[in-house]
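Structural description and commentary
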Amino acid sequence: MADEHHALTKAFSGLGGLGVDESTMVKTISKWQKQPDQKSKFRKNFPGFFTPNGSIETCEDDFVRHLKTEFSRFKNLMVLWAMHPHERDARWIHHVLHKSHPYTIIIEIACTRSADELLNIRRAYQSLFHHSLEEDVAYLIKENYSKLLVGLVSAFRYEGPRVDNEMAKSEAKLIHNAVKCSAPGEVVKNEELVRILTTRSKLHLKTTFEQYKNLYGKPIAEDLGVNLCLQETVKCIDTPANYFSEVINNAFNNKADKPTKRALNRVIISRADVDMDTIKESYNKQFGTKLEDVIAKNTHGCYKDALLSLVGK
Amino acid sequence: MATLTIPSSIPSPQEDCEQLHKAFEGWGTNEKLIVSVLAHRDAAQRRAIRDAYQATYGKDLLETLLHETHGDFEKVVLLWTLDPRERDAHLANEAATKWAPENRVLIEIACTRSSEELFAVRRAYHAQYKRSLEEDVAAHTTGDFRKLFVPLVSSFRYEGEEMNMSLAKSEAKMLHEKISDKKYTDEEVIRVLTTRSKPQIVATLNQYHNEFGNPINKDLKSDPKDEFLAALRAVIRCICCPEKYMEKVIRLAVNRHGTDENALTRIVTTRAEVDLKAIKEVYQTRNSTPLEKAIKHDTWGHYERMLLALLGCDEA
């Protein structure tokens, strides 16, 4: 019987992991029909959820709030799944702008969607929120990376094959200059750096990053580590699959904060129909395990099943 | 309203391109024939003619025109024949790559086209130049001008009519403070002008005028030689009163010692299918003389004929 208690505790997200195990809960209801002792024992052995209070055990408010979050992961996932991708992206950005979540979500969306997708996201944003996307980003973000973000969301990058190798080389040097000659807090405001990152085509930028490594021996993401926004911009443009793998992996850390855990839904849903295979490969390479296995181990119930279906075979 | 006049029944694109081919044949070119066809076809019709010409004669009509016509006539015919968005892309490319502080063409295009039109220009720019418009503008402008022009050409303004009056008040106040401190290149000034919707900007500038006594452009005239201030004033005029802005460009173009044909050609070809009629009315009011008269006085030959045709004033 200890197994049933263990299983139920796990189902109620008492042993970590994301989501809840609905079917175990329902099975236990019928197993424990007319057995109040079982439930009493369950409550006595689940200190996170219940605490002794006179002759009974009462709920911990914190845990009930935690349960609310865990129960709604599947709901949130399914609503996102049903939504049009442009509305999804527009709503994520709007949410981030108005509830001060990490603004890096804006960088993720602006840099990993195609030029036409970004245009359509801007259209969706206008019809949903009656402001232009760049208007809200410029107005609501006052930090030193504001210019970078406005530039990234306003871009309509050339997507053809033409690349100017000489230009890539000289712009690699300009970037290096910006890194070396600016105070750490000023790098993200450097006009040439922002110009290059927010207007050049992605192919051109990849060439530029390669040149940077050839010239200076270090990957550019490392040298731009002085600023999280710059680093993320480069990662999203250069190696999006690696970037997404990292975000997914961070979400499975039990100590991660709410936005970090929520990122799992965002990445899986937004990439399921795009480049999930590449992300799985990258995940395996980076972390030594298969993404499906990590999901199966760290999530529960319908939430787990839905994620596994999205991630595919 | 447009000034372009199209006959009620027009020949097929095939017949049109045959006429044009005749116009090019032999020694010399029949410019009159070119004008009679092209100056009386809208964008879709001109595109059909170009396609028919390519299919029939295996040559690009634009290249043939380039070869067969010269000078100002060549410029006006070429610009006119292009699709409106290709034309804007061409003008923007010229303005960006040969940029000088007194050049206002980028402002004109970025601020008088609708949001969707501006995006179509950016798309046409990719196809023609294999780079993005903002990329070229950023690479060829510097300092404060870059800070203004890049967001301007990248804007995708909301086009609803709503205005937030309390926001208009607070942003008018902010603008007044910055301008009083001569902080014309301040990020906040640029933010409002390059990201707010046009109705919102108009409401903000009306608030400015009501609260502080002067229209904003008067307060932006502190230094007549400052090209950045002139650029700001142009942005504001293009957003608030584009027809008046265009009229002034034409008026200065014809009043100069010698005419600024490039400016004249640009305004006539880009507005003939849009609002050249309204611009003509503003011109008449402002100068007490019709625009046709000024053009007849200041231009001549086939160039004049083409301009008058686009103004809807040719003797058919």
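None of these values were measured; they are calculated from a predicted model.

**Digging into the overall build of chain B**
- The helix and strand tally for chain B stands at 20 helices and 0 strands.
- The globule rule puts the C-alpha radius of gyration for 316 residues at 20 Å, and the 21 Å found for chain B is close to it.
- Dimensions along the principal axes, computed over C-alpha positions, put chain B at roughly 65 × 45 × 35 Å.
- By the burial criterion, 54% of the 316 residues in chain B qualify as buried.
- In chain B, 71% of the contacts between residues at least 6 apart in sequence involve partners at least 24 apart.
- Across chain B, the mean location of the 45 positive side-chain charges is 4 Å away from that of the 50 negative side-chain charges.

**What to know about empty space enclosed by the protein**
Residue and element names in this part refer to chain A.
- Tallied over the full model, the rule gives 4 cavities of 30 Å³ or more.
- Counted as a void, the largest cavity has a volume near 50 Å³.
- If you go around the largest cavity, the residues you meet are Ala110, Arg113, Ser114, Ala115, Leu118, Leu152, Ala155, Arg157, Glu159 and Lys202.
- Taken together, the residues of the lining of the largest cavity break down into 5 nonpolar, 1 polar and 4 charged.

**Here's the deal with the packing of aromatic side chains**
All names here are of chain B.
- Per the stated rule, a full pass over the model turns up 24 aromatic pairs over all chains.
- Between phenylalanine 119 and phenylalanine 156, the ring centres sit 5.2 Å apart and the planes meet at 90 degrees, which makes this aromatic pair edge-to-face. Note that phenylalanine 119 is positioned in helix α8 (residues 115–129) and phenylalanine 156 in the loop between α10 (143–154) and α11 (165–180), a separation of 37 residues in sequence. Of the two residues, phenylalanine 119 and phenylalanine 156, both sit in the buried class.

**Description of the pattern of salt bridges**
- Summed over the entire model, instances satisfying the criterion amount to 44 salt bridges over all chains.
- Among the ionic pairs, glutamate 192 of chain A bridges to arginine 146 of chain B, the shortest N-O distance being 2.8 Å. Within this pair, whereas glutamate 192 of chain A is found in helix α11 (residues 191–199), its partner arginine 146 of chain B is found in helix α10, the two belonging to separate chains.
- Glutamate 188 of chain B is the salt-bridge partner of arginine 191 of chain B, the closest N and O atoms lying 3.0 Å from each other. Of the two residues, arginine 191 of chain B and glutamate 188 of chain B are both situated in helix α12 (residues 187–195); the distance of 3 residues between them amounts to about one turn of the helix.
- Within the structure, one salt-bridge network assembled from shared partners comprises Glu135 and Lys142 of chain A together with Glu171, Glu188, Arg191 and Arg196 of chain B.

**A look at the interface of chain B and chain A**
- Each partner contributes to the interface: chain B provides 31 residues, whereas chain A provides 26 residues.
- Between chain B and chain A, the buried area comes to about 2,700 Å², and carbon and sulfur atoms account for 52% of it.
- Contributing elements (two or more residues each) for the side of chain B that touches chain A: α8, α9 (133–140), α10, α11 and α12 of chain B.
- Here the element with the most residues in the side of chain B that touches chain A is α8 of chain B; it accounts for 6 residues.
- Classifying every residue of the side of chain B that touches chain A gives 7 nonpolar, 7 polar and 17 charged.

**Here's the deal with the layout of surface pockets**
- Size it by volume and the largest pocket reaches roughly 1,400 Å³.
- Around the largest pocket sit 44 residues that line it, and Arg104, Val105, Glu108, Ala263 and Arg266 of chain B are the ones nearest its centre.
- Only α4 (61–68), α5 (71–81), α6 (84–97), α7 (105–112), α15 (227–240), α16 (242–255) and α17 (261–271) of chain B provide two or more residues apiece to the lining of the largest pocket.
- A class-by-class count of the residues in the lining of the largest pocket yields 16 nonpolar, 6 polar and 22 charged.
- Of the pockets and cavities examined, the second largest pocket occupies roughly 800 Å³.
- Residue lining of the second largest pocket: 32 residues in total, with Ser146, Lys147 and Val150 of chain A together with Lys147 and Pro151 of chain B positioned closest to the centre.
- Of all the secondary-structure elements, those providing two or more residues to the lining of the second largest pocket are α8 (133–140), α9 (146–154) and α11 of chain A together with α9, α10 and α12 of chain B.
- Here the element with the most residues in the lining of the second largest pocket is α12 of chain B; it accounts for 6 residues.
- Within the lining of the second largest pocket, the residues separate by chemical class into 9 nonpolar, 10 polar and 13 charged.

**Some words on the packing of helix α12 (residues 202–216) of chain A against helix α14 (residues 228–238) of chain A**
Residue and element names in this part refer to chain A.
- Between α12 and α14, the shortest axis-to-axis distance is 9 Å and the interhelical angle comes to 110 degrees. Relative to α14, the element α12 is oriented roughly perpendicular. Here the hand of the crossing between α12 and α14 comes out left-handed. In this structure, α12 uses Lys202, Leu205, Lys206 and Phe209 to contact α14, whose residues at the interface are Val234, Ile237 and Asp238.
- Class assignment of the residues belonging to the contact of α12 with α14 gives a composition of 4 nonpolar, no polar and 3 charged.

**Brief notes about the pairing of strand β1 (residues 50–53) of chain A**
Residues and elements named next belong to chain A.
- When β1 meets strand β2 (residues 56–59), the two strands line up antiparallel, connected through 4 bridges. Paired with proline 52 across the strands is glutamate 57, a residue of β2.
- Where β1 hands over to β2, the hairpin turn is made up of 2 residues, of which glycine 54 adopts a positive phi near 65 degrees.

The rules behind these values
- Residues numbered from 1 in each chain as written.
- Chains lettered and ligands numbered in written order.
- Predicted model: local features only at pLDDT ≥ 70, side-chain atom pairs only at ≥ 80, totals over all residues.
- Heavy atoms only, no water.
- Helix = DSSP H or I, 4+ residues; strand = E, 2+ residues; numbered from the N terminus.
- Rg over C-alpha atoms; globule rule 2.2 N^0.38 Å.
- Buried < 20%, exposed > 50% of the residue type's maximum accessible area, 1.4 Å probe, protein only.
- Contact = heavy atoms within 4.5 Å.
- Lys, Arg positive; Asp, Glu negative; His and termini not counted.
- Charge placed at Lys NZ, Arg CZ, Asp CG, Glu CD.
- 1 Å grid on protein atoms, 1.4 Å probe; cavity = no way out; pocket = protein on both sides within 12 Å on 5 of 7 lines; lining within 4 Å.
- Points joined across faces, edges and corners; volume = space filled by probe spheres on them.
- Nonpolar A, V, L, I, M, F, W, Y, C, P; charged D, E, K, R; others polar.
- Phe/Tyr/Trp six-rings, centres within 6.5 Å; stacked < 30°, edge-to-face > 60°.
- Salt bridge = Lys/Arg side-chain N within 4 Å of Asp/Glu carboxyl O.
- Buried area = accessible area lost by both parts, 1.4 Å probe.
- Axes fitted to C-alpha atoms, helices over the stretch in contact; angles between N-to-C directions.
- Parallel < 35°, antiparallel > 145°, perpendicular 65-115°, else oblique.
- Left-handed = near helix turned anticlockwise from the far one by under 90°.
- Pairing = 2+ DSSP bridges.

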